[in-house]
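# Fold and geometry: a report
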Amino acid sequence: MNKSVDVTAIGELLIDFTENGTSAQGNPLMEANPGGAPCNVLAMLQRLGKQTAFIGKVGNDMFGRQLKEAVCEVGIDTRNLIMDEEIHTTLAFVHTYPDGDRDFSFYRNPGADMMLTKDEVQDDLIRTSRIFHFGTLSSTHEGVRAATRHAIDVAKDAGCIVTFDPNLRPPLWKSLEDARVEIEYGLSKCDVLKISDNEVEFLFDTTDYDRGAALLQEKYHIPLILITMGKDGSRAYYKDLRVECAPFLQENTIETTGAGDTFCAGILNYVLDHGLEALTEENLLEMMTFANAAASLITTRKGALRVMPEKEEVLSFIAECGR
């Protein structure tokens, strides 16, 4: 089958309300930024010249329409973005700490992104994709979990490269045990895993990330594993290679929203261009250098989806930093 789409992702599309100053009365002003990890990843891939598509659901309300418009504006294919007539779009309120770290409060009981059903997934869209990407926010509840698992099966069957970012958000789970089960399911299905340091800690109760990676390789035989470590950069594990890449630290970081997603897009873009077959140490370093630099740039901007950096911008930033 002709693979006309580079990456299709399934998952949540929501509004991230981020603080943006205070009003004359001293109340916090909130800015409605389009958000949701899968579309952030796709938005960056579009910037890098790739063709992407999104599978998900928003409410047919002012926020859902704003989201659809934002996603279309960056060029993501929305043929399988469904507008729900009954349930409102999911909202997240993001509190940013002085060091740029974040806390999330979700309004999602239920939210439209949870209402996607198996029958609404367009299998042909997945079959025509080179990469299929997913996280766990589309597995927090029964119906959307069935839709996600169905989509993964279609992708595996169609020979897509399957990529996974657990993106653990504890407040969204009834129990962390449920979260563990769904993360383990994702690990058993993927060819590329992007996982954060705190997710490795959650799974294996260790801050020894090499040990975490070894356990992941041993149990799930994932061809390519990337561990992001925030201010400590990232590591790649591929066959018997372990490559570490230093971060690009920013003086003007304002928030870290979307940094992991931008990093993830950098990795997927490299896999699209080079495949997964015969990566060298140089390849892995080049891949992570680009991904780390792109992630660093997004931390200097508010929101993520609409403000992803251009390829040239990332490359000149790497050059400026003498790397």
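Quick look at the structure, then. Keep in mind that this is a model prediction, so the values were computed, not measured.

Running from N to C, helix 1 (residues 37-47) and helix 8 (residues 259-274) cross one another at 50°; their axes reach a closest spacing of 8 Å. In terms of axis orientation, helix 1 runs oblique to helix 8. Note on packing geometry: the crossing formed by helix 1 with helix 8 is right-handed. For the pair helix 1 and helix 8, the contacting residues are Ala37, Asn40, Val41, Met44 and Leu45 in the first and Asp261, Thr262, Cys264, Ala265, Leu268, Asn269 and Leu272 in the second.

For the largest pocket, the calculated volume is near 1,300 Å³. Taken together, 49 residues line the largest pocket, and the ones lying closest to its centre are Asp101, Arg102, Thr256, Ala259 and Gly260. Breaking the lining of the largest pocket down by element, the ones donating at least two residues are strand 2 (14-22), helix 1, strand 7 (102-107), strand 10 (192-196), helix 6 (197-204), helix 8 and helix 9 (281-298). Across the lining of the largest pocket, the residue classes tally to 17 nonpolar, 19 polar and 13 charged. One number sums up the size of the second largest pocket: a volume of about 180 Å³. Taken together, Gly266, Asn269, Tyr270, Asp273, His274, Glu286, Met287, Phe290, Lys311 and Leu315 make up the lining of the second largest pocket.

What follows is about the packing of helix 8 against helix 9. Running from amino to carboxyl end, helix 8 crosses helix 9 at an angle of 150°, the nearest separation of the two axes being 8 Å. When the interaxial angle is binned, helix 8 and helix 9 end up roughly antiparallel. Of the two elements, helix 8 crosses helix 9, and the hand of that crossing is right-handed. Packed against helix 8, whose contacting residues are Ala259, Thr262, Phe263, Gly266, Ile267 and Tyr270, the element helix 9 presents Asn283, Glu286, Met287, Met288, Phe290, Ala291, Asn292, Ala294, Ala295 and Ile298 at the interface. Counted by class, the contact of helix 8 with helix 9 contains eleven nonpolar, four polar and one charged residues.

Taken together, the four strands give an open sheet; going across it, the order is 3-2-6-7, and neighbouring strands pair in mixed fashion. A single partner strand is all that each edge strand has here, and the edge strands are strand 3 (28-35) and strand 7. Averaged over all pairs of adjacent strands, the angle between strand axes in this sheet comes to 30°, irrespective of strand direction. Strand direction decides the pairing type here: strand 2 and strand 3, joined by seven bridges, are antiparallel. When the sheet's bridge partners are listed, leucine 14 is paired in strand 3 with glycine 35. Strands in contact with helix 2 (residues 62-73) are strand 2, strand 3 and strand 6 (91-96); relative to strand 3, the strand with the most contacts, it is inclined by about 55°.

Strand order in the open sheet made by the nine strands is 5-4-1-8-9-10-11-12-13, with mixed pairing throughout. Two strands lie at the open edges of the sheet, namely strand 5 (77-84) and strand 13 (241-245), each paired on one side alone. On average, each strand axis in the sheet is tilted by 15° relative to the strand beside it, whichever way the strands run. Strand direction decides the pairing type here: strand 9 (residues 161-164) and strand 10, joined by two bridges, are parallel. In the sheet register, phenylalanine 164 faces strand 10, and the bridge partner there is leucine 193. Helix 2 contacts strand 4 (52-59) and strand 5 of the sheet and is inclined by roughly 180° relative to strand 5. Contacts from helix 7 (residues 209-220) reach strand 10, strand 11 (224-228), strand 12 (234-238) and strand 13 within the one sheet, and its direction differs from that of strand 12 by about 30°.

All right, on to the environment of methionine 114 then. Here methionine 114 shows up in the loop between strand 7 and helix 3 (123-127). With a relative accessible area of 9%, methionine 114 lands in the buried category. Put simply, methionine 114 and threonine 90 are 24 residues apart on the chain and 8.6 Å apart in space, counted from C-alpha to C-alpha.

Within the secondary structure, threonine 78 sits in strand 5. Taking relative accessible area as the criterion, threonine 78 reaches 13% and is therefore assigned buried. Excluding its chain neighbours within four sequence positions, the residues that come into contact with threonine 78 are Lys68, Val71 and Cys72.

Rules used in this analysis
Residues numbered from 1 in each chain as written. Predicted model: local features only at pLDDT ≥ 70, side-chain atom pairs only at ≥ 80, totals over all residues. Heavy atoms only, no water. Axes fitted to C-alpha atoms, helices over the stretch in contact; angles between N-to-C directions. Helix = DSSP H or I, 4+ residues; strand = E, 2+ residues; numbered from the N terminus. Parallel < 35°, antiparallel > 145°, perpendicular 65-115°, else oblique. Left-handed = near helix turned anticlockwise from the far one by under 90°. Contact = heavy atoms within 4.5 Å. 1 Å grid on protein atoms, 1.4 Å probe; cavity = no way out; pocket = protein on both sides within 12 Å on 5 of 7 lines; lining within 4 Å. Points joined across faces, edges and corners; volume = space filled by probe spheres on them. Nonpolar A, V, L, I, M, F, W, Y, C, P; charged D, E, K, R; others polar. Pairing = 2+ DSSP bridges. Buried < 20%, exposed > 50% of the residue type's maximum accessible area, 1.4 Å probe, protein only.

Just distances and angles here, no functional claims.
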